[in-house]
Amino acid sequence: MENSASLMSASLLKPALIESITKLDPRKLFRNPVMFMTAVIAAGSTLASFTGGGQSLGLDLQIALWLWFTVIFANFAEALAEGRGKARADALRSAQTETQAKKLAGLDNRRFELVSNRTLRKNDLVLVEAGELIPGDGEVIDGIASVDESAITGESAPVIRESGSDRCAVTGGTRVVSDAIVVRIGADPGESFLDRMIALVEGASRQKTPNEIALTVLLIGLSLIFLLVVMTLPAWASYAGISLSVPLLAALLVTLIPTTIGGLLSAIGIAGMDRLSARNLVAKSGRAVEAAGDVDTLLIDKTGTITFGNRRATHLVPVGDVSREQLAEAALYASLADATPEGKSIVELIREQKLADADANAVANRIEFSASTRLSGADLHDGTQLRKGAVQAVLKQSNVSADAETTKLVEKIARSGGTPLAVSRNGKLLGIIALTDVVKPGIKARFDELRRMGIRTVMITGDNPLTAAAIAAEAGVDDYLAEATPEKKLELIRKAQAEGRLVAMCGDGSNDAPALAQADVGVAMNSGTPAAREAANLIDLDSDPTKLIDVVLVGKQMLISRGSLTTFSIANDVAKYFAIVPALFTGVYPALQALNVMQLQSPASAVLSAVIFNALIIVALIPLALRGTPYKPASASELLARNLGLYGLGGLVAPFIGIKLVDLAINALGLV
Amino acid sequence: MNSADLIQILFFAVALLLLCPLAGRYLQAMLAPDRSGALALPERIVYGTCGVDAGREQNWAEYARALLLVNAGGIALLFAILRFQHLLPLNPSGLPGLSWHLALNTAVSFTTNTNWQSYGGESTMSMFSQAFGLTVQNFLSPATGIAVVLALVRGLVRRETANVGNFYVDMTRSVLYVLLPLSLLFALLLVWQGVPQNLEAAVSASTLEGAQQTLVQGPVASQEAIKILGTNGGGYYNVNSAHPYENPTPLSNALQLLAMLSLGGGLVFLFGRMAGDKRQAWAVFAAMMIPLAIAVGCAYWAESQGNPFATPAGVDPALANMEGKEVRFGTVSSVLYAVFTTAASCGAVNAMHDSFTALGGLVPMVMIQLGEVIFGGVGSGLYGMLVFALLTVFIAGLMVGRTPEYLGKKIEAREMKLAVFAALIPMPLGILVIGAFAIALPAGVAGLANPGPHGLSEMLYAYTSATGNNGSAFAGLTANTEFHNSLLALAMLIGRFGPIVPILAIAGSLAAKKRIPPSAGTFPTHGAIFVALLIGVILIVGALTYFPTLALGPVAEHFSTLAGQQF
């Protein structure tokens, strides 16, 4: 996790400080109604200090100054959040340097002209050869190549990009490591994926999210009420013969309107997006992130998310009088020539459990695994023939038929969701290796967590229902969809949505595109096809399906931060009343001194302390806004009880202490 | 607190807990959507006469239009009756027509369920005006409240529809099956207790001292019944339920107390039944009962202290503060009545709130300022409370990381905008802004009897009472002037229709939404946390808004009294 030191590193602080002044531009402030109102009040108060006769110029000016600080601190919070986004955007932009592109006249015509990548338009074809940078976002339409995408994802291992597959999308700024491909450019300059991502993390194209708008409405409503309260107060006070000066009223108004949440609201939103991009997730809009917090049904691909990508050997079962070691030794020799992940997993299993060892010099002839023979093997110098592979293939090769014991064993493994492989020596069946999906460690706990948060998990798999049920039970998902097809997925999403649920899913293939578009939150893998990436509202640069869960958490955290700070902000007002109201009225009603529960030293210091506290609390809460309120998955009731205690009661009590301390400090410094 | 008082307070708590769910059951049976047989006949006759297509449902805008039309018509008709009562029959005392501003104020007052009275009933209103003018509105205004709450609850429980019900049907059923039969029953009970019900002119009587006293009679019991049941509060006599003809016995007093809250509380349970989840109703009911109990406790404590300025004059402080109270009711009954009537937006009084101690008078004022949602007026209390519930789930929803929802309906920007307009803006607008004109302008201050904080309290109470559609008075303010009659009428209109229109819009907006099934991630709106938060939101919104002004009024008066300062 990020610590507060890196949240506020010096390189970010300086530009943020400058920008917190330039953001005083009314056109920029207008986007944030509460802060705009604060700035207007500050301006009015400044004017009034000079025109007010000057008996209390020192105090009035100090109040005005701190009102300005309130606005500047809020700007600072926003600038700091944006600065963090910008830093990330700059890193991305460096990948977007101008390069030469080999623009092809046509697919059949391999003659190219060298042009700048900036001039490339949608549907242009470019040839990219080993060692060259891909000049823009697009789709591989010819060839296969390994591509180094570390500039985008930070992952150094190259990935395969191939035309006509689900992995045909390439991103501008990534480097082809081997082979050559023809890429059809997918976006005009300025509209590429990277451009969009930069715009988003910089906050430039940030639209307010629906909940942010609703909250802003509430904050404006509260501000309006307090405006009514303060504007009518002179009239009511006049009946008691009290006249209230503009700076005092300004102080009361600014401390009452929800400046704390108003000042931090946009920083929370920007920081939320930033937390996503720190996880290499690109949101196409803030709306999607917020929707993620609401998701109550997660469709999760089995492969890669719940289980490791490939099946792994999990046990060896000898048949007849064969010993486990004999079976293991044969299987090990026979698997040495099998480079598939399944074959490797057999070797790993045997070596891990120290069941057997192989001497490479003993092998005379290696029989490589191929998809057509479906087996691999080794002929040893002593003439021993060892084979391993699909049960039918091995039996056929050995020219034997399975006995009753073997048949039963094979069926049992298949029924429980595993894949049986047979091992033979010199045409004699030694035993069966079971390959099964291995559920990732810790995934069950993760799903329990999700369940406590009220999120249903549905496993999507192409497996038969039997296998699917077995894995679903082991992983602890709530439901599963077996023999899934894109149509079935789409239907499942529609059905859940008809019940009023919000569905999130991730996918990569073109045939996932309709489901991704239908889902409320769709996460496309960066390796996916352009169609899938277009349909989704989030893109995962690492192509890691487990991220879906992170997206939900970030979405929730964003809402919780807003809610908590709103509660805190409103609860603060109680203490401010007890500071300012007695200060305003004790001149005429000395008995109201009884309301001065904080025993603030003088009316002047009481008002000033409240204003100073109100400004400083914004700064104090910036780290919380940027990092998000700590969130541990729990049920709604537990969460509410905890956050209410922390931010509700805390918000009630903290300012009593804070204002008192400020009062002691300013009196000690002789400011009033 | 002596044990007799405690037992009395506990009696009312238990009685409300039993009575309100029963009232909810009755309301459901009477307001049910389809009815056949003999019971359907009266409403069919009304629909036939008025040309209402009872089967046709309205969307929220049509519903609101019908409501505003009926209410505007009601104001106009009542204005005409009052202005020209000298030309109308049943005026045996030959009372003149009312001035335009008093007629306007009274017409608005009775139509908005406020029943603020800038006049003394027995010396101003003819029997015709009382029976055919005021009493008609006494029925129509609570029926309007019930209609609005029905539309809002339908919005919450229906899904993906534009329709929120038919205003004319809701109104007709409320009057025919709820208000009329209950009033009839209640009026008979009151007559049994000694409340007059006749059409005789006033009679003169010689008092023991030999003075002549005029005893005004009339159809008192019938008006009294709906005055209480419909949380209207406009008495037949100037001193309202402190008058022995309006409230003759301890039993009649107890019945009035319970009747005041029974329909408002009953509607909460109707809501639970319509939502198919009684726990929701109990949560809302708890959020009403708890502040009510706190208020009774505070007011009782304040009144029991007595008046420190009276003690040196030889008054035993143990007698408590008896100024302005009926000896036959005493402290506890007066306090209960004051708190219930301000909680319920009723406005009937059996003691003079102006004579309460500073804090004792603060309690009824705060009860109104909280938005008249602690039970509140018939209908208006629950719809106000439900809007506070929406605000509460919004804040709570954010704190648990979900788009907030209430009963499975998402609360989004549009609902928030409307909820702010409904729950947050109208009350301060009427109380603080219009009140500020009244307190700052010479024409407004002219009517005030007292200087200093108490004078301010009187003005604040008047505009609070009008905006909250309560109608009780702090007295001390001579309100029957062109200035106050007009401004108070404006405050009453803002306090009534300011929330109603946005609330109907909320109903329409919610009705169109899907209903989301609850999950563990959904914040439950029937538990103790929700109740506590809801009460917190109501108290904080109320306290934060009015604290500075209250500090200049009752709070300053209280602390000054303690310090021995008089004004």
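In this text, all values refer to a predicted model and were calculated from it rather than measured experimentally.

On to the overall build of chain B, then. A tally of regular secondary structure across chain B gives 19 helices and six strands. The C-alpha radius of gyration of chain B comes to 23 Å, within 12% of the 24 Å expected for a compact globule of 567 residues. Along the longest, intermediate and shortest principal axes, the C-alpha atoms of chain B span 70 × 55 × 45 Å. Counting every position in chain B, which comprises 567 residues, the buried fraction comes to 63%.

Space inside the largest pocket adds up to approximately 790 Å³. What lines the largest pocket is a set of 29 residues, and nearest its centre among them are Leu 362, Val 366, Leu 539, Ala 543 and Leu 550 of chain B. Elements supplying a minimum of two residues to the lining of the largest pocket: helix H22 (547-585) of chain A together with helix H10 (278-304), helix H12 (358-369) and helix H19 (528-562) of chain B. Residue contributions to the lining of the largest pocket peak at 12 residues, all from H19 of chain B. Tallied by class, residues from the lining of the largest pocket come to 26 nonpolar, three polar and no charged. In this structure, the second largest pocket spans a volume of roughly 620 Å³. Elements with a contribution of two residues or more to the lining of the second largest pocket: H10, H12, helix H17 (452-467) and H19 of chain B.

Moving on, we come to the sheet that holds strand S18 (residues 456-460) of chain A. All names here are of chain A. As summarised here, the arrangement of the seven strands in space is S10-S22-S21-S20-S11-S18-S19, forming an open sheet in which the pairing is mixed. Sheet topology places strand S10 (281-283) and strand S19 (479-481) at the edges, where each strand pairs with a single neighbour. Averaged over neighbouring strand pairs, the angle between their axes works out to 20° when direction is ignored. Sheet topology places strand S21 (residues 521-525) next to strand S22 (residues 538-540); three bridges connect them, and they run parallel. Looking across to S22, one finds that Met 525 is bridged to Asp 540.

Scanning the entire structure with this criterion turns up 20 aromatic pairs over all chains. Between Phe 578 of chain A and Phe 547 of chain B, the ring centres sit 5.5 Å apart and the planes meet at 50°, which makes this aromatic pair tilted. Separated into two different chains, Phe 578 of chain A in helix H22 and Phe 547 of chain B in helix H19 make up a pair that spans both. On the accessibility criterion, Phe 547 of chain B (17% relative accessible area) is buried. Taking the centre distance of 5.3 Å and the plane angle of 65° together, the rings of Tyr 236 of chain B and Tyr 237 of chain B count as edge-to-face. Overall, the relative accessible area of 3% leaves Tyr 236 of chain B in the buried class. Note on Tyr 237 of chain B: relative accessible area 1%, which makes it buried. Grouping aromatic residues by their ring pairs yields a cluster made of Tyr 577, Phe 578 and Phe 656 of chain A together with Phe 547 of chain B. Of note, Lys 325 of chain B hangs over the ring of Phe 356 of chain B, and the distance from its end group to the ring centre comes to 4.4 Å.

This part covers the confidence of the model for chain A. Reading predicted coordinates in detail is not appropriate for stretches of low pLDDT. All names here are of chain A. Across chain A, the average pLDDT comes to 84, with 93% of residues at 70 or higher. For chain A, per-element mean pLDDT is lowest for helix H1 (residues 4-7), which scores 48, and highest for helix H23 (residues 603-627), which scores 94. The low-confidence segment residues 1-5, where pLDDT is below 50, has four contacts with residues more than four positions distant or belonging to other chains.

Residues and elements named next belong to chain B. Tallied over the full model, the rule gives seven cavities of 30 Å³ or more. Estimated volume of the largest cavity: approximately 320 Å³. Elements supplying a minimum of two residues to the lining of the largest cavity: helix H13 (380-399), helix H14 (413-424), helix H15 (426-440), helix H18 (482-511) and H19. Per-element tally for the lining of the largest cavity: the top contributor is H13, with five residues.

For the rest of this paragraph, the subject is the pairing of strand S9 (residues 180-185) of chain A. Residue and element names in this part refer to chain A. Judged from the five bridges that link them, strand S3 (residues 125-129) and S9 form a sheet pairing that is antiparallel. Looking at S9, one finds that Val 126 is bridged to Val 183. Pairing geometry for strand S4 (residues 138-142) and S9, over four bridges, is antiparallel. What sits directly across from Asp 142, in S9, is Val 182.

All names here are of chain A. One pass over the full model with this rule turns up 35 salt bridges over all chains. In this structure, Lys 102 and Glu 129 form a salt bridge, with 2.6 Å as the shortest nitrogen-oxygen distance. One end of the pair, Lys 102, is in strand S1 (residues 100-104); the other, Glu 129, is in strand S3, and 27 residues separate them in sequence. Of the charged contacts, one joins Arg 446 and Asp 550 as a salt bridge, the two residues approaching to 3.3 Å between their closest N and O atoms. Of the two residues, Arg 446 sits in helix H17 (residues 443-452) while Asp 550 sits in helix H22, which places them 104 residues apart along the sequence. A residue is classified by how much of its surface remains accessible, and Asp 550, at 18% relative accessible area, is buried. Through salt bridges with shared partners, a single network forms among Glu 19, Lys 23, Glu 78 and Glu 82.

Turning next to helix H4 (residues 100-111) of chain B. Residues and elements named next belong to chain B. Along its 12 residues, H4 runs 16 Å from first to last C-alpha, staying within 8% of the 16 Å computed at 1.5 Å per residue. Counting buried residues in H4 gives 10 out of 12 residues, a clear majority hidden from the surface. Those residues of H4 lying buried are His 101, Leu 102, Ala 103, Asn 105, Thr 106, Ala 107, Val 108, Ser 109, Phe 110 and Thr 111. Looking at the buried positions of H4, the neighbouring elements they touch are helix H3 (60-83), helix H5 (121-124), helix H6 (127-157) and H18.

What counts as what
- Residues numbered from 1 in each chain as written.
- Chains lettered and ligands numbered in written order.
- Predicted model: local features only at pLDDT ≥ 70, side-chain atom pairs only at ≥ 80, totals over all residues.
- Heavy atoms only, no water.
- Helix = DSSP H or I, 4+ residues; strand = E, 2+ residues; numbered from the N terminus.
- Rg over C-alpha atoms; globule rule 2.2 N^0.38 Å.
- Buried < 20%, exposed > 50% of the residue type's maximum accessible area, 1.4 Å probe, protein only.
- 1 Å grid on protein atoms, 1.4 Å probe; cavity = no way out; pocket = protein on both sides within 12 Å on 5 of 7 lines; lining within 4 Å.
- Points joined across faces, edges and corners; volume = space filled by probe spheres on them.
- Nonpolar A, V, L, I, M, F, W, Y, C, P; charged D, E, K, R; others polar.
- Pairing = 2+ DSSP bridges.
- Axes fitted to C-alpha atoms, helices over the stretch in contact; angles between N-to-C directions.
- Phe/Tyr/Trp six-rings, centres within 6.5 Å; stacked < 30°, edge-to-face > 60°.
- Lys NZ or Arg CZ within 6 Å of the ring centre and 35° of its normal.
- pLDDT = per-residue confidence, 0-100.
- Contact = heavy atoms within 4.5 Å.
- Salt bridge = Lys/Arg side-chain N within 4 Å of Asp/Glu carboxyl O.
- Expected span 1.5 Å × (residues − 1).

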